[in-house]
Amino acid sequence: MKKHVINEYSPDLHPAYVSNGLIGFRLGKIPFLNAQVQANGYFAVSPEKRTEEYGDAPFPIGADIHIGWYERLSDRPDKTVFHEQSFDFSNGELDTRFDFVAAGVTVKVHVLTFVSRT
């Protein structure tokens, strides 16, 4: 089993990519926010080249975390503490762990992203 693990997230890193040939997800340190999706047959026209190329498809999975009435993760991604992201190449699983700290509360988050290859 080949597993790649990162413990520090840097803007220089390319986001992890999970795909099965029909759909692919490029996921950052908060997997359900600002993800890029590519789907077979989904295309757009490049404004620069005026040719067809892959287009970002709508993200089919979404979530948000609310603490009290005021703090939402989608509004305050800067209040996250990244811990680890690991990709298991043998079964196509991306495992992400981070904390959302707001209003004196810490929410420990574990997200497992899987794209079936069968």
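Please refer to the structure placed before this passage.
Since this is a predicted model, take the numbers as computed values, not measurements. (Residues numbered from 1 in each chain as written. Predicted model: local features only at pLDDT ≥ 70, side-chain atom pairs only at ≥ 80, totals over all residues. Heavy atoms only, no water.)

**Concerning the side chain of Gln-85**
Mapped onto the secondary structure, Gln-85 falls in strand β9 (residues 80-88). In this structure the side chain of Gln-85 is engaged in a polar contact, spanning 3.1 Å, whose partner is the backbone oxygen of Gly-28. A polar contact of 3.0 Å, which involves the side chain of Gln-85, links it to the side chain of Thr-96. Ignoring anything within four residues of it in the chain, the contact list for Gln-85 reads His-4, Val-5, Ile-6, Tyr-9, Ala-16, Leu-27, Gly-28, Lys-29, Leu-94, Asp-95 and Thr-96. (Helix = DSSP H or I, 4+ residues; strand = E, 2+ residues; numbered from the N terminus. Polar contact = N/O pair within 3.5 Å; in protein donor to acceptor, adjacent residues only side chain to side chain. Contact = heavy atoms within 4.5 Å.)

**Description of the sheet that holds strand β4 (residues 36-39)**
Think of a sheet as strands paired side by side through backbone hydrogen bonds, with each pair either parallel or antiparallel. With antiparallel pairing, the three strands of this open sheet are ordered in space as β2-β3-β4. At either margin of the open sheet sits one strand with a lone partner, and together these are β2 (16-19) and β4. Strand-to-strand twist of the sheet, defined as the mean angle between neighbouring strand axes without regard to direction, takes the value 15°. Of the pairings in the sheet, the one linking strand β3 (residues 23-27) to β4 comprises four bridges and is antiparallel in character. Residue pairing for β4: Arg-26 is matched across the bridge by Gln-36. (Pairing = 2+ DSSP bridges. Axes fitted to C-alpha atoms, helices over the stretch in contact; angles between N-to-C directions.)

**With respect to the pairing of strand β11 (residues 105-114)**
Note that strand β10 (residues 93-102) and β11 share ten bridges and pair antiparallel. Looking at β11, one finds that Asp-95 is bridged to Leu-112. Taking the residues between adjacent antiparallel strands as the criterion, β10 and β11 are bridged by two residues, where Ala-103 takes a positive phi near 55°.

**Some thoughts on the sheet that holds β9**
Read from one edge to the other, the open sheet built from four strands follows the order β1-β9-β10-β11, with strand pairing classed as antiparallel. Edge strands, defined here as strands with exactly one partner in the open sheet, are β1 (3-6) and β11. Neighbour-to-neighbour, the strand axes of this sheet turn through a mean angle of 10°, independent of strand direction.

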